[in-house]
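What follows is the residue order along each chain.
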Amino acid sequence: RQRQMCIRDSTITMSSSYWGMMMRRKPIWDSPTTIEIVPNFYLHTFYCSLFFLILMALVPIVLSRLYPNWYKSLSDKKKQELPAYLTSLVHHSTVVPLAWYGIYQDFQVIDPDQPFDMTVFINFAAPFCVGFIVADTFYYAIPLCFHGNVEYIIHHALALWMTYALISSSGHLIRYFPHIVICDTTNAIFNLAWILRTTGLRNSAFVSTLEVSFAVLFFFLRIINL
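Note that the coordinates shown come from a computational prediction; the quantities given were computed from them, not determined experimentally.

Caption draft 1: Spotlight on the confidence of the model for the protein. Per-residue pLDDT for the protein has a mean of 88; in total, 92% of the residues score no lower than 70. Per-element mean pLDDT across the protein ranges from 70 in helix α1 (residues 2-22) up to 95 in helix α3 (residues 41-66).

Now the structure itself:
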């Protein structure tokens, strides 16, 4: 019972500390918007979009040559989805750890008028994230629309709108950008499990652990955090 009380008290303390960080007042000075902070934001976004489009186009070519038997065993639907899932995993595995680091550094801030400088993170993450969504929209979401599946295009449109609304608003709001990005932690886990299920690991304990982790983290990151 004493152990349960300690865990409960620790959870309450951590929740209060996290809530206090999220509700921290903004600095007394005005900050420039993210688009003003990031030099050549639209050009960098274009380059990132091009990078992800090229990567998506290369995935089936490279994998079909490196692993011909495995690739041939995939259904047509999985062959169509594979470039999006694998490229998505590359995106999430790159930017999500940086977002977690940014939140950790922001958590250490005591004086709101001396916030953690997220300029380096935003310089990379903002074009990288928007570029990925744009590329995935053209390569995956739009073709799905022609097959009657409009859910992805709606999701991507809302994601683009939310991201642009944030990065074009007052600069002090960029501290919330990593909290949006860490939601893709669940996507990274889901995509990795999806890819492994196409191999001989479908019924392995590792994949089962990933699936359970996805469900648990989805609740905390997509529902509570977001």
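Caption draft 2: Fine view of the nonpolar core. Ranked by internal contacts, the top residues of the largest apolar core, which has 30 residues, are F41, V95, F121, I122, F177 and V181. Among the elements of the structure, α1, α3, α5 (76-107), α6 (119-145), α7 (151-167) and α8 (177-181) are those that each provide at least two residues to this core. Sorting elements by how many residues they give to this core places α6 first, with ten residues. A84, Y85, L89 and A188 belong to the second-largest nonpolar core, a separate cluster that totals 13 residues.

Caption draft 3: Spotlight on the environment of L173. Within the secondary structure, L173 is located in the loop between α7 and α8. Residue L173 is classed as partly exposed on the basis of its relative accessible area of 24%.

Caption draft 4: Geometry of the packing of helix α9 (residues 184-197) against helix α10 (residues 205-225). Remark: α9 packs on α10, axes separated minimally by 9 Å, with the N-to-C direction vectors making an angle of 160°. Considered as vectors, α9 and α10 are oriented roughly antiparallel to each other. In this structure, the crossing between α9 and α10 has a hand that is left-handed. Facing D184, T185, T186, N187, I189, F190, L192, A193, L196 and R197 of α9, the residues of α10 in contact are F206, V207, L210, E211, S213, F214, L217, F218, L221 and R222. Considered class by class, the residues forming the contact of α9 with α10 number twelve nonpolar, four polar and four charged.

Caption draft 5: The packing of α3 against α6, seen in detail. Viewed as axis vectors pointing N to C, α3 and α6 meet at an angle of 45°, and their least axial separation amounts to 7 Å. Accordingly, the angle class assigned to the pair α3 and α6 is oblique. For α3 against α6, the interelement crossing comes out right-handed. Taken together, the residues of α6 that come into contact with α3 (itself represented by F41, H44, T45, C48, S49, F52, L53, M56 and A57) are A126, P127, F128, V130, G131, F132, V134, A135, D136, F138 and Y139. For the contact of α3 with α6, a count of residues per class yields 15 nonpolar, four polar and one charged.

Caption draft 6: Representation of a nonpolar patch on the surface within the structure. A surface patch of nonpolar side chains, amounting to about 960 Å² of accessible area, comprises L43, F46, Y47, L50, I54, L58, I61, V62, L66 and Y67. In this fold, L43 is placed in helix α3. With relative accessibility at 40%, the residue L43 sits in the partly exposed group.

Calculation rules
- Each chain carries its own residue numbering, running from 1 in the written order of its sequence.
- For a predicted model such as this one, the threshold for reporting local features is a pLDDT of at least 70, and the threshold for listing and counting side-chain atom pairs is 80 or more; totals across whole chains, interfaces and linings nevertheless cover every residue.
- Side-chain calculation: all heavy atoms of the structure are included, whereas hydrogens and water are not.
- pLDDT runs from 0 to 100 and stands for how confident the predictor is about each residue.
- Under the DSSP-based scheme used, a helix requires at least four consecutive residues in state H or I and a strand at least two consecutive residues in state E, with every element numbered from the N terminus.
- Put simply, buried Ala, Val, Leu, Ile, Met, Phe, Trp, Tyr and Cys residues joined by side-chain atoms within 4.5 Å make one nonpolar core.
- Whether a residue is buried, partly exposed or exposed follows from its accessible area with a 1.4 Å probe, protein chains only, as a fraction of its type maximum: under 20%, in between, or over 50%, in that order.
- The convention used is that axes are lines fitted to C-alpha atoms, helices contributing only their stretch in contact, and that angles between N-to-C directions extend from 0 to 180 degrees.
- Throughout, the term roughly parallel applies to angles under 35 degrees, roughly antiparallel to angles over 145, roughly perpendicular to angles from 65 to 115, and oblique to all others.
- It is the rotation of the near helix from the far one that decides the hand of a crossing: anticlockwise by less than a right angle makes it left-handed, clockwise makes it right-handed.
- Contacts are assigned to residue pairs with any non-hydrogen atoms lying within 4.5 Å of each other.
- Under the scheme applied, nonpolar residues are Ala, Val, Leu, Ile, Met, Phe, Trp, Tyr, Cys and Pro; charged residues are Asp, Glu, Lys and Arg; polar residues are all the others, including Gly.
- Only residues above 30% relative accessible area that lack a salt bridge enter a patch, with like-charged residues linked at up to 9 Å and the nonpolar side chains Val, Leu, Ile, Met, Phe, Trp and Tyr linked at up to 5 Å.
- Each accessible area is a Shrake-Rupley result for a 1.4 Å probe, and residues are judged covered by the shown protein chains and nothing else.
- Salt bridges are defined as contacts in which a side-chain nitrogen from Lys or Arg sits within 4 Å of a carboxyl oxygen from Asp or Glu.

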